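Reading the structure
So you can see what is in the structure, the chains are spelled out below.
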Amino acid sequence: MKQKSWNINLEEVMQVGVHFGHQARKWNPKMASYIFTERKGIHILNLTQTARFLSEACDLLANASSKGKQVLIVGTKYQAADLVASASIKARCHYINQKWLGGMLTNWSTIEKRLQRFKDLENKEKTGVLNQLPKKEAATLKRQLVQLRKYLGGIKYMTSLPDIVIIIDQQKEITAINECITLGIPTICLVDTDCDPDLTDIPIPANDDARASIRWILNKLTLAISEGRYNSIETE
Amino acid sequence: MAAIVAAQSVAAGALLGSSKGFGLASSSSRLAGAQLGVKGASNGSRVTCRTAFTIPKSRQGLLEEVERRWEAALESPLAGVEFTHEEFAEVLSKYDFSFEIGDMVKGVVFKSDYNGALIDIGAKAPAYLPMAEACIHKLRSVEEVGLYPGTEEEFVIVKDDDDNGRMILSLRKIQHELCWERCAQLLADDVVVRGTILSSNSGGFVVAVEGLRGFVPFSQISARGAQSNPEELLNKEIPLKFLEVDEERTRLVLSNRKATFAESQSAFGIGSVVVGTVQTVKPYGAFIDIGGVSGLLHISQISHDRLTSVETVLSPGDKLKVMVLSQDKDRGRISLSTKKLEPTPGDMLRNPQLVYEKADEMAKTFRQRVAQAEAAARAEELRLQQFQEVGFGVGNDFSTVADDLGIDNLESLNASVEETAV
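Residues numbered from 1 in each chain as written. Chains lettered and ligands numbered in written order. Predicted model: local features only at pLDDT ≥ 70, side-chain atom pairs only at ≥ 80, totals over all residues. Heavy atoms only, no water.

Time to look at the overall build of chain B. The helix and strand inventory of chain B stands at 10 helices and 15 strands. A total of 422 residues make up chain B; the buried ones form 36% of that total. Within chain B, contacts between residues at least 6 apart in sequence are counted, and of these 56% link residues at least 24 apart. Just so you have it, chain B exposes about 24400 Å², and 52% of that area is on carbon and sulfur atoms. (Helix = DSSP H or I, 4+ residues; strand = E, 2+ residues; numbered from the N terminus. Buried < 20%, exposed > 50% of the residue type's maximum accessible area, 1.4 Å probe, protein only. Contact = heavy atoms within 4.5 Å. Areas by Shrake-Rupley, 256 points an atom, 1.4 Å probe, with all protein chains shown as cover.)

Before going further, it helps to examine the packing of helix 2 (residues 47–66) of chain A against helix 3 (residues 57–75) of chain B. Where helix 2 of chain A meets helix 3 of chain B, the axes come as close as 10 Å, and the angle between the chain directions of the two elements is 155°. Viewed along their axes, helix 2 of chain A and helix 3 of chain B adopt a mutual orientation that is roughly antiparallel. Once helix 2 of chain A is placed against helix 3 of chain B, the crossing between them reads as right-handed. Contact residues: helix 2 of chain A offers R52, F53, E56, D59, L60 and N63 of chain A, while helix 3 of chain B offers L62, E65, V66, R69, W70, A72, A73 and L74 of chain B. Among the residues making up the contact of helix 2 of chain A with helix 3 of chain B, the classes are represented as eight nonpolar, one polar and five charged. (Axes fitted to C-alpha atoms, helices over the stretch in contact; angles between N-to-C directions. Parallel < 35°, antiparallel > 145°, perpendicular 65-115°, else oblique. Left-handed = near helix turned anticlockwise from the far one by under 90°. Nonpolar A, V, L, I, M, F, W, Y, C, P; charged D, E, K, R; others polar.)

Residues and elements named next belong to chain A. Applying the stated criterion across every chain, the model contains zero disulfides over all chains. C189 carries a free sulfur, and the closest cysteine sulfur to it, the one in C195, is 6.4 Å from it. Accessibility expressed as a relative area gives 0% for C189, which makes it buried. (Disulfide = S-S within 2.5 Å.)

With that out of the way, let us pick up the pattern of salt bridges. In the structure shown here, the tally under the stated rule is 13 salt bridges over all chains. When the shortest N-O distance is used, the salt bridge between D198 of chain A and K30 of chain A registers 3.8 Å. Separated by 168 residues along the polypeptide, D198 of chain A in the loop between strand 7 (187–191) and strand 8 (202–205) and K30 of chain A in the loop between strand 1 (20–23) and strand 2 (35–39) bring together distant segments of the chain. Taking the relative accessible area as the measure of exposure, K30 of chain A reaches 25% and is therefore partly exposed. Between E380 of chain B and R383 of chain B there is a salt bridge, with its nearest N and O atoms 3.0 Å apart. In this pair, E380 of chain B and R383 of chain B both sit in helix 8 (residues 352–389), three residues apart, roughly one turn of the helix. Under the relative-accessibility criterion, E380 of chain B is labelled partly exposed at 41%. With relative accessibility at 52%, the residue R383 of chain B sits in the exposed group. (Salt bridge = Lys/Arg side-chain N within 4 Å of Asp/Glu carboxyl O.)

Let's shift gears to the pairing of strand 7 (residues 204–209) of chain B. Residue and element names in this part refer to chain B. Buried residues dominate strand 7, accounting for five of its six residues. In this structure, strand 6 (residues 193–200) lies alongside strand 7, joined through four bridges in antiparallel fashion. Bridge pairing in strand 7 places S200 opposite F205. Connecting the antiparallel pair strand 6 and strand 7 is a turn made up of three residues. Pairing of strand 7 with strand 8 (residues 212–217) involves six bridges; the strand directions are antiparallel. Each bridged residue has a counterpart across the sheet, and for G204 the counterpart in strand 8 is P217. In this antiparallel pair of consecutive strands, strand 7 and strand 8, the connection spans two residues, and E210 shows a positive phi of 55°. (Pairing = 2+ DSSP bridges.)

Residues and elements named next belong to chain A. Closest axis-to-axis distance for the helix 4 (residues 108–127)/helix 5 (residues 135–152) pair is 10 Å, and the angle between their directions is 125°. The orientation of helix 4 relative to helix 5 falls into the category oblique. Crossing of helix 4 over helix 5 shows left-handed handedness. Contacts between helix 4 and helix 5 involve R114, L115, R117, F118, L121, E122 and E125 from the former and L141, Q144, L145, L148, R149 and L152 from the latter.

Once that is clear, we can look at the nonpolar core. In a soluble, globular protein the nonpolar side chains are often hidden away together inside. Residue and element names in this part refer to chain A. L61, I155, I188, I217 and L221 are the most contacted members of the largest nonpolar core, which totals 87 residues. In terms of residue count, the dominant contributor to this core is helix 2 (10 residues). Looking at this core, you find at least three residues from each of domain 1 (47–105 + 161–235) and domain 2 (108–154). Leave out the neighbours within four places in its chain, and L61 touches V71, I164, I166, I188, L221, A224 and I225. (Core = buried A, V, L, I, M, F, W, Y, C linked by side-chain atoms within 4.5 Å. Domains from an automatic or database assignment.)

So, on to unusual backbone geometry. Residues other than glycine seldom take positive phi values, yet R92 of chain A does so here, at roughly 60°. With respect to the helices, strands and loops of the structure, R92 of chain A is situated in the loop between helix 3 (78–91) and strand 5 (94–96).

Further remarks concern the sheet that holds strand 6 (residues 164–167) of chain A. Residue and element names in this part refer to chain A. Strand order in the open sheet made by the five strands is 5-4-6-7-8, with parallel pairing throughout. Lying at the two open borders of the sheet, with one neighbouring strand each, are strand 5 and strand 8. On average, each strand axis in the sheet is inclined to that of its neighbour by 20°, with strand direction left out of account. Two strands pair when backbone bridges link them, and strand 6 and strand 7 are joined in this way by three bridges, in the parallel orientation. For V165, the partnering residue across the bridge sits in strand 7 and is T187. Across the sheet, helix 2 is in contact with strand 4 (71–74), strand 6, strand 7 and strand 8; its angle to strand 8 comes to roughly 135°.

It is worth spelling out the packing of aromatic side chains at this point. All names here are of chain A. Under the definition given, this model contains one aromatic pair over all chains. Taken together, a centroid distance of 5.8 Å and an interplanar angle of 65° make the contact between Y34 and F53 edge-to-face. Of this pair, Y34 sits in the loop between strand 1 and strand 2 while F53 is found in helix 2, placing the two residues 19 residues apart along the sequence. Residue class for Y34 comes out buried when judged on its relative accessible area of 5%. (Phe/Tyr/Trp six-rings, centres within 6.5 Å; stacked < 30°, edge-to-face > 60°.)

What follows is about the confidence of the model for chain B. Residue and element names in this part refer to chain B. Taken residue by residue, chain B gives an average pLDDT of 69. The fraction at 70 or more is 62%. Across residues 1–29, confidence stays below pLDDT 50; counting only partners more than four residues off in sequence or on other chains, it has 28 contacts. A low-confidence stretch, residues 40–52 (pLDDT under 50), is modelled with 22 contacts involving residues beyond four sequence positions or located in other chains. (pLDDT = per-residue confidence, 0-100.)

What follows is about the sheet that holds strand 2 of chain A. Strand order in the open sheet formed by three strands is 1-3-2 (chain A), with antiparallel pairing between adjacent strands. Either end of the sheet is taken by a strand with one partner, and the two such strands are strand 1 and strand 2 of chain A. Averaged over all pairs of adjacent strands, the angle between strand axes in this sheet comes to 30°, irrespective of strand direction. Strand direction decides the pairing type here: strand 1 of chain A and strand 3 (residues 42–45) of chain A, joined by two bridges, are antiparallel. Each bridged residue has a counterpart across the sheet, and for F20 of chain A the counterpart in strand 3 of chain A is I44 of chain A. The strands that helix 4 (residues 85–92) of chain B touches are strand 2 and strand 3 of chain A; relative to strand 2 of chain A, the one it contacts most, it runs at about 15°.

Take a look at the structure:
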């Protein structure tokens, strides 16, 4: 477990707005230890802890990806959707940025069947079989393809359950968290002042609302993943 | 399976012991995430029995590592962190943001749904721009105003954050101000604009012009019979000119007559005779519609004889010939007269038909007389001027003086004066 410096610069972090929490009356008391103070009716998170947990999470990810473990990033908020997609594509991991379908992990066998169908349809489209079918059938299949691409586009290449799951907004992805708990998959989660830090394995206290904040944290995490993978390739 | 559970409980036991760390005030033991699932933890927390699955051995290693790291983070809170607690506290005030109602902020649109758009303004949470506030006109989607994901625009905050820290923005206000400015400019430039009639009330019409609502009094409408049946003109577009633009009192008054007047102005010269129909009869005269524009025939201008009421001579619908006395371009008024057209004074009352026939003749005579009068006036003026030039009183030109003295020009005179002075 090497202690690597992940360049968490205080000025940068504050500029992005990671330290802002929700309104004071909307907090979860379990977050008491992560909150620094209250200003103008808004809770401020303790950035030292954020930095600590974030560096720990990055180490974990780097380690895991160097061993070839799979990571899944889940973020379905409006603000996070496209950021999650671009970050995951850069880091070459799986992602879910549209609705989290119930049972995506616990009912993995069914989802696998859907992924098969997805691959099947893509092949058909590539080879041009769709153009030879009658109009109505082709239209139905194309519609199916669009739907599959929308919801499962990010996990197209996932063959089994992921090893680590990164979750952007705990309140919004509560089903995802519960599924991970049931299956024993460790989670890294951005917790805001209205979230429960006990539900996740490594909480990162941060602002989960502002786009800039989400982007910054995702950057750090995906950097860690890429580094780990790069190291593993090197050592091979 | 029992071994695995036992191993977990050992780890849990270790956890129970280490309740130190950063102020874990709430619970004495902390069972996080995946551990909760495995252990089926109770412990007063709200998570109850979840031992539905057993964790495969391959994943054990990872779970343990995660747990270890979490512990480490709590035990050594500042290891590897590049700044200290105190530094953080200091810099905190520097990065406060405060947005008040009425602030102008620059924001980037990142998502638009059917009811509005989400805009990132750099606050805690993104702000919302509802459809109703996006534009003065009615919209079907915010894209019509040009707000695609990625565009940057200036907005004004109208509502402060609700519980989520989300602020409501508006473009409408800015557009409103711009519209009023534009209207003031159009008033100054005296430009003809087009407006649609929305509704009518007791005094006139309400029109929509330049995105704002304005008022056109009945008297300023030049269309026939506007007052009697206003429903005919609903939803029609008419040319208008601004009469009054007052933002503070939200007064926007326009005139149709002024706009159409400008078009038809050249048609009537002073002294020309035109056929007209009586539109309305008022105690002080009658409104005659000539060629689409209405002019006033004052009671004193109808006949040489004194009239008490107009109704005795004229009634709406009468056709008669009138002469144009004068035109007021600024207020879009035409003054008419039939007095001058009477061959003998008093004819209008006794024999309107005769007036009608003789109208052209009378007009010609009138014009001649007018021309004569003008010539006479001009001659008079000329005489006065010559009188002045002879030298009565200080003349406007010094040329006479200079000639007398025998000096070529005045400049040399000045120069010589200076020389002698020095």
